[in-house]
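# Structural characterization, general
Each chain, letter by letter, is given below.
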Amino acid sequence: MTGKPLDPEQAIRDWLAESVPSQLPASLKEALEEATSRPAGRVEPWSGASSHRLRWAGRVAAVAAVLAIAVSGLYLFGHGRTALPGTSPSASPGATGSPDGRPSPEPATSSPWPEPTVVALPGSTWRLASAFPALVAPDSEPYRSPVFALASGGFVAFVPTASGQSSAYQSSDARPMAFRTEGPTRTPVSSWETRVYGSFDGAHWIGQSVLPGNTATVTAVAQSGVGVEIVAVGWTGVSPNTTATAWTSSDGQTWSAVAMPGSNGVEAVGVVHGPAGFLAWANGPTSTLMWASGDGTSWRRLETSGLPAEVGPDCLFSVGDGWAAAISGDKAQVWQSTDGARWTLAWQGPAATSPVEGYYMGPIAESPDGGYVSFGEATQGGGPLEFPSDIQIWTSKDLLHWTRASRVPRPGWVDDFTAFPSGYVAAGQTVSQNGGEPSQYGSLGVWVSEDGESWRPLAGLPSIAMVDVLSVVGDGASVVVTFVDSSGNLQMLAGHESK
Amino acid sequence: MWEAELPVLRALRGRPGHAAAPGPSDEASVYARNPTASPEAWRRQRIEAFALLDDSRLLQSYRLATLILRDRDEAEDATQEAIARAWSSWETLRDRTRFDAWFDRILANVCRNRIRHVRTIRVVELDDAFDFPAADRHAETIARLTLEPAFARLSSDQRVIVVLRFWRDLQIEEIADRLGLPAGTVKSRLHYALKALRAAIESSEEAGR
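Worth saying up front: this structure is predicted, and the values here are computed from it rather than measured.

Quick notes on the rules
Just so you know, the residues in each chain are numbered from 1, in the order the chain's sequence is written. Each chain is given a letter, starting from A, and each ligand a number, starting from 1, according to the order in which they appear as written. Local features in this predicted model are restricted to residues whose pLDDT is 70 or higher, and side-chain atom pairs enter the listing and the counts only when it is 80 or higher, whereas totals over whole chains, interfaces and linings include all residues. By the criteria applied, helices consist of DSSP H or I runs no shorter than four residues and strands consist of E runs no shorter than two, each listed in order from the N terminus. Exposure criterion: with C-beta atoms placed from backbone coordinates, a residue whose C-beta has 20 or more other C-beta atoms within 10 Å is buried, one with 12 or fewer is exposed, and one in between is partly exposed. Each residue gets a C-beta atom placed from its backbone, and two residues are in contact if those atoms lie within 7 Å. One requirement defines pairing of two strands: DSSP has to find at least two bridges between them. Axes here mean lines fitted to C-alpha atoms, for a helix over just the part in contact, with angles spanning 0 to 180 degrees between N-to-C directions. Each angle is binned into one of four classes, with values under 35 degrees roughly parallel, values over 145 roughly antiparallel, values of 65 to 115 roughly perpendicular, and all other values oblique. Should the near helix be turned anticlockwise from the far one by less than a right angle, the crossing is left-handed, and should it be turned clockwise, the crossing is right-handed. Note that Gly is not counted as nonpolar here; it falls among the polar residues with everything else outside the nonpolar set of Ala, Val, Leu, Ile, Met, Phe, Trp, Tyr, Cys and Pro and the charged set of Asp, Glu, Lys and Arg. A set of buried residues qualifies as a nonpolar core if it consists of Ala, Val, Leu, Ile, Met, Phe, Trp, Tyr and Cys joined through C-beta atoms within 7 Å. In this description, the arc belongs to the directions extending from the helix axis to the C-beta atoms. pLDDT measures the predictor's confidence residue by residue and takes values from 0 up to 100.

### Focus: the overall build of chain A
For chain A, the helix and strand inventory stands at three helices and 35 strands. Each of the 499 residues in chain A was classed as buried or not, and the buried ones make up 50%. In chain A, the proportion of contacts linking residues at least 24 apart, taken out of those at least 6 apart, comes to 54%.

Right, here's the structure in full:
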């Protein structure tokens, strides 16, 4: 049983080559014949299979559930626009800048702003906000969460939406996306405006303005609290023709945009604020790119060293006077820097105990005891993954060094976690059984926990199927679960307590 | 000559109970994307493009889906879905010379969606022709059997990239182009996927010693 070590890449090639089927199923030729007998321009992706019919049933159920909530709604939020939380009302919605920082001449938007509606869940203090403009994602891009918590309290949402036409939301390339419909012509969306909403509680949202720059995508938000209060980063354009961009505002209504230096073809993915100012980062083709700014409006590119070249950080933190970067993988790592440029490894997690056993870090939240907790994943043993893997809880006192703590069963397919005033909230999809077979799609699942170990479903949550949970964010007082259905309809579920 | 050989072309001429060809209103929408093309030219372009989906190309697509999904029934459904989507969204293909890559991308996206939503992974059956290994291939066999659960734990995006890299032999830039992702993202995902798979292989080697 000895001999020279295996070449892993060759072993993977051999393994893949061994398991390819040798014969073409006759059904595929029939499918081709049937599909190509249809006229173009009509997306009918679900026909012909029982599982597809189940999906349509799920869609109908989802719509019915939402309608039922709306009809029996206890509360409908009023109209009007105010400033973002912590700011004063001033101008009406309007773009007031361009990516180069100059005022934009074009009007903010000519299309109507649907008024978000809010209904209370029966027997619960949680509220469901809906009727936002449908979310736009360009071809091949997944939906991104538009909702971010503000350090000063409250939330801001950057909703990309196609304006100026009736939009038929369909799926193409098997990804939810928006088609722009003008008369008989239907084309993929290649331009959109990004509308800014503010909310004090995550349930009641007020339209504020439109971000300057067409095709703006926001991926992260930080807040200084002094001078420029809000800094959002992301990019303009569609991959690969993107430019990393930062938008700044002190009131949520007037925004300025600035392109990051040396960022052509780059997408900024994160920003954090600390005593040294702002630090933004992007995953470059060969390394992690970082930019520093004192005020969020003027940025300088940093020449970084030390960080792994292969992967970028999952998240950055302000630690003391410097920064920390968490990088997940088969071994969790935390890197530390005093200046954002030179990085050193501060901590590395334990290795997997076997090929089918791994411990991963996940979303990080402040714990009630003043420390930090991360809800990661402990993979199960081999075999079919028909049920969610366990939650691996990590704890830390300083964000730099972590301890692998409890391992508990997941309540469902959890996509994200956050802290709550009285504990924690998780959201994803429920796991249900259908005649012994795992169901194709679960409903929206929201679970609450006081200790992170014992989870229970949120009371009063209606059955809303066919959803993708985009994020769970909290501002220290409220929590917002953001999700989107397969037609791109954006909804938010906001809560103020876990009981 | 090729028209007589492909079912798709027979279908385009009309079958009972099915629309024979794009109606005027549908054509109006797709012609609007390319006003210089006549309706006949547009129809011919689409026919020629889908003629590329012959048995050999369909088998390659089915194999790609099988490797990503690790389930032949799911792969069959996914390939069917990709065919329907490709035909229906033909007008979204901007560069008609890139049909092959475009269809791969649709199929990969269908597979990713299925992994994400079904979230059920079944171990694929080995081909009947698979011979049990001789003793001197014991380590290799153990490694490959270990790869199955390790691969099943990868994310849907990682799986697609691994298959395109090590089965299709595409380079990072080619995968990025096909999936519409930045090359850095592809590189990062491949890096993590390889680390996981490499760990599985190394561990199986340890166990075999």
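Next comes the rest of the account.
### Observations regarding the overall build of chain B
Each helix and strand in chain B was counted, giving ten helices and zero strands. Each of the 209 residues in chain B was classed as buried or not, and the buried ones make up 52%. If you take every contact in chain B between residues at least 6 apart in sequence, the share linking residues at least 24 apart comes to 66%.

### A look at the environment of Ala203 of chain A
Within the fold, Ala203 of chain A resides in the loop between β8 (193-199) and β9 (205-210). Apart from the residues lying within four places of it in its own chain, the contact partners of Ala203 of chain A are Val118, Arg127, Ala129 and Ala494 of chain A.

### Details of the pairing of strand β16 (residues 288-293) of chain A
Residues and elements named next belong to chain A. Of all six residues in β16, five are buried; the element is thus mostly enclosed. The pairing of strand β15 (residues 277-283) with β16 spans six bridges and is classified as antiparallel. Residue pairing in the sheet places Phe278 in a bridge with Ser293 of β16. Remark: four residues form the turn of the hairpin made by β15 and β16, two consecutive strands paired antiparallel. As defined by bridge partners, β16 adjoins strand β17 (residues 300-302) across three bridges and the pair is classed as antiparallel. Of the residues in β17, the one forming a bridge with Ala292 is Arg300.

### Things to note about the packing of helix α4 (residues 55-69) of chain B against helix α8 (residues 156-166) of chain B
A packed helix pair is summarised by two numbers, namely the angle formed by the two axes and the spacing between the axes. All names here are of chain B. Contact pair α4 / α8: the axes reach a minimum separation of 9 Å and the direction vectors enclose 130 degrees. In this view, α4 runs oblique relative to α8, as classed from their interaxial angle. Between α4 and α8 lies a crossing whose hand is right-handed. Taking contact as the criterion, the partners of Leu64, Leu67 and Ile68 in α4 are, on α8, Arg159, Val160 and Val163. Here the residues of the contact of α4 with α8 are counted per class, giving five nonpolar, no polar and one charged.

### Some thoughts on the pairing of strand β28 (residues 423-429) of chain A
Residues and elements named next belong to chain A. Counting buried positions along β28 yields six of seven residues, so the element is predominantly enclosed. Two elements, strand β27 (residues 413-420) and β28, share seven bridges in a ladder whose sense is antiparallel. The residue of β28 that forms the bridge with Val414 is Gly428. Between β27 and β28, which pair antiparallel and follow one another directly, the connecting turn spans two residues. Bridging between β28 and strand β31 (residues 444-449) involves six bridges; their strand directions are antiparallel.

### Thoughts on the nonpolar core
Ranked by size, the top nonpolar core spans 108 residues in total, and within it Ala280 and Val481 of chain A carry the most contacts. Apart from the residues within four sequence positions on either side, Val481 of chain A is in contact with Ala427, Val446, Val469, Val472, Met492 and Leu493 of chain A. Formed by 59 residues, the second largest nonpolar core is a distinct cluster that contains Ala31 of chain A together with Ala86, Trp87 and Ala196 of chain B.

### Concerning helix α1 (residues 8-18) of chain A
Residues and elements named next belong to chain A. Those residues of α1 lying buried are Ala11, Ile12, Trp15 and Leu16. Taken down its axis, α1 places every buried residue within 130 degrees of arc, on the same side. Across α1 from its buried face, at more than 90 degrees, point the exposed residues Gln10 and Ala17.

### As for the sheet that holds β31 of chain A
One key point about sheets: their strands pair by backbone hydrogen bonds, in either a parallel or an antiparallel sense. An order of β27-β28-β31-β32 (chain A) is seen for the four strands of this open sheet, with the pairing classed as antiparallel. Two strands lie at the open edges of the sheet, namely β27 and β32 (456-457) of chain A, each paired on one side alone.

### Looking at the confidence of the model for chain A
Residue and element names in this part refer to chain A. Confidence in the prediction of chain A, expressed as mean pLDDT, is 74, and 69% of residues score 70 or more. Put simply, helix α3 (residues 50-71) is where chain A has its lowest mean pLDDT, 29, and β17 is where it has its highest, 96. Considering only residues more than four positions removed or in separate chains, one finds that residues 40-83, a stretch of pLDDT under 50, has 89 contacts.

### A word on the sheet that holds β16 of chain A
All names here are of chain A. With antiparallel pairing, the four strands of this open sheet are ordered in space as β14-β15-β16-β17. Looking along the sheet, the strands with just one partner apiece sit at the ends: β14 (268-274) and β17. Pairs of neighbouring strands in the sheet enclose a mean axial angle of 25 degrees, with direction left out of account.

### Remarks on the packing of α4 of chain B against helix α5 (residues 72-88) of chain B
Residues and elements named next belong to chain B. Between α4 and α5, the shortest axis-to-axis distance is 8 Å and the interhelical angle comes to 130 degrees. In terms of orientation, α4 and α5 fall into the oblique class. Between α4 and α5 the crossing geometry is right-handed. Contact with α4, carried on its side by Ser61, Tyr62, Ala65, Thr66 and Leu69, involves Arg72, Glu74, Ala75, Glu76, Ala78, Thr79 and Ala82 of α5 and no other residues of that element. Split by residue class, the contact of α4 with α5 holds six nonpolar, three polar and three charged.

### Overview of unusual backbone geometry
All names here are of chain B. Notably, Arg70 is not glycine yet its phi reads approximately 60 degrees, a positive angle. Along the chain, Arg70 falls in the loop between α4 and α5. Residue Arg70 is classed as buried on the basis of its 21 C-beta neighbours within 10 Å. Here the phi dihedral of Asp169 falls at roughly 60 degrees; this positive angle occurs in a residue that is not glycine. With respect to the element layout, Asp169 can be found in the loop between α8 and α9 (172-179). On the basis of neighbour counts, which here come to 9 C-beta atoms within 10 Å, the residue Asp169 falls in the exposed class.

### Comments concerning the confidence of the model for chain B
All names here are of chain B. In the predicted model, chain B carries a mean pLDDT of 67, and 60% of its residues have values of at least 70. This model gives residues 1-36 a pLDDT under 50, and the stretch forms 55 contacts once residues within four places in sequence are excluded. Across the assembled chains, the prediction reports ipTM 0.71 with pTM 0.64.

### As for the environment of Ala346 of chain A
Residue and element names in this part refer to chain A. Note that Ala346 resides in strand β21 (residues 344-348). Look at Ala346 and you get partly exposed, because 17 C-beta atoms sit within 10 Å. Setting aside its immediate chain neighbours within four residues, Ala346 contacts Ala324, Val334, Trp335, Gln336 and Leu400.

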